[in-house]
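# Examining the three-dimensional arrangement
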Amino acid sequence: VPMGVLSCMKYLMFIFNVLVFAGGTCLAGVGIWVAVDRAGFQDIVATKAVLRAGAYLLLAVGIALALLGFLGCCGALRRSRPLLLV
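The structure displayed is predicted, hence computed values, not measured ones. (Residues numbered from 1 in each chain as written. Predicted model: local features only at pLDDT ≥ 70, side-chain atom pairs only at ≥ 80, totals over all residues. Heavy atoms only, no water.)

### Observations concerning the overall build of the protein
Broken down by element type, the protein carries 4 helices and 0 strands. Taken from the N to the C terminus, the helices and strands of the protein come in the order α-α-α-α. Classification of the 86 residues of the protein by burial places 20% in the buried group. Within the protein, contacts between residues separated by at least 24 positions form 65% of all contacts whose residues are at least 6 apart in sequence. About 6,000 Å² of surface is accessible on the protein, with carbon and sulfur atoms providing 76% of the total. (Helix = DSSP H or I, 4+ residues; strand = E, 2+ residues; numbered from the N terminus. Buried < 20%, exposed > 50% of the residue type's maximum accessible area, 1.4 Å probe, protein only. Contact = heavy atoms within 4.5 Å. Areas by Shrake-Rupley, 256 points an atom, 1.4 Å probe, with all protein chains shown as cover.)

Take a look at the structure:
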């Protein structure tokens, strides 16, 4: 396999993992916003029954995605197979 292809794949994997990290961070931010300021979020969304569970679910999924994206970025830069497999 040519060296240019491996370098391109390294950078593509890094960019993809940065996007996953950014998405996870945004989800965690929305989860924190909903958990802290329920009244402000209830003005936007009318459902009140699932709001608390949804906030914590968004927070948990966001933190998990941010962690996976961070580990993927580290794995792509170091070319570490175990970090990329996580």
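There is more to say, and it comes next.
### Some points on the confidence of the model for the protein
Looking at the protein as a whole, the pLDDT averages 84, with 86% of positions reaching at least 70. The secondary structure element of the protein with the lowest average pLDDT is helix α2 (residues 38–44), at 67, and the one with the highest is helix α1 (residues 3–36), at 90. (pLDDT = per-residue confidence, 0-100.)

### Some words on the environment of Gly62
Relative to the assigned elements, Gly62 resides in helix α3 (residues 51–78). Sequence spacing of Gly62 and Thr25 is 37 residues, and the spatial spacing of their C-alpha atoms is 5.9 Å. When near neighbours in sequence (up to four residues on either side) are disregarded, Gly62 contacts Gly24, Thr25, Leu27 and Ala28.

### Quick word on the packing of aromatic side chains
The full count for this structure, using the stated rule, is 0 aromatic pairs. The side chain of Lys10 reaches across the aromatic face of Tyr11, ending 5.7 Å from its centre. (Phe/Tyr/Trp six-rings, centres within 6.5 Å; stacked < 30°, edge-to-face > 60°. Lys NZ or Arg CZ within 6 Å of the ring centre and 35° of its normal.)

### Some remarks on the UniProt feature "transmembrane region" (unreviewed entry) in the protein
In the UniProt entry, the feature "transmembrane region" (unreviewed entry) is given for residues 12–36 and 56–77. As annotated, residues 12–36 has a helix share of 100% and a strand share of 0%, and its two end C-alpha atoms lie 36 Å apart. Between the end C-alpha atoms of residues 56–77 the distance is 32 Å, and the span holds 100% helix and 0% strand. (UniProt positions renumbered as here; feature names shortened; annotations may be inferred.)

### Side note on a nonpolar patch on the surface
Taken together, the side chains of Leu57, Val61, Leu65, Leu68 and Val86 define a hydrophobic patch exposed on the protein surface, amounting to about 420 Å² of accessible area. You can see Leu57 is positioned in helix α3. Exposure remark for Leu57: the relative accessible area of 56% places this residue in the exposed category. (Patch = residues over 30% accessible without salt bridge, like charges linked within 9 Å, V, L, I, M, F, W, Y side chains within 5 Å. Salt bridge = Lys/Arg side-chain N within 4 Å of Asp/Glu carboxyl O.)

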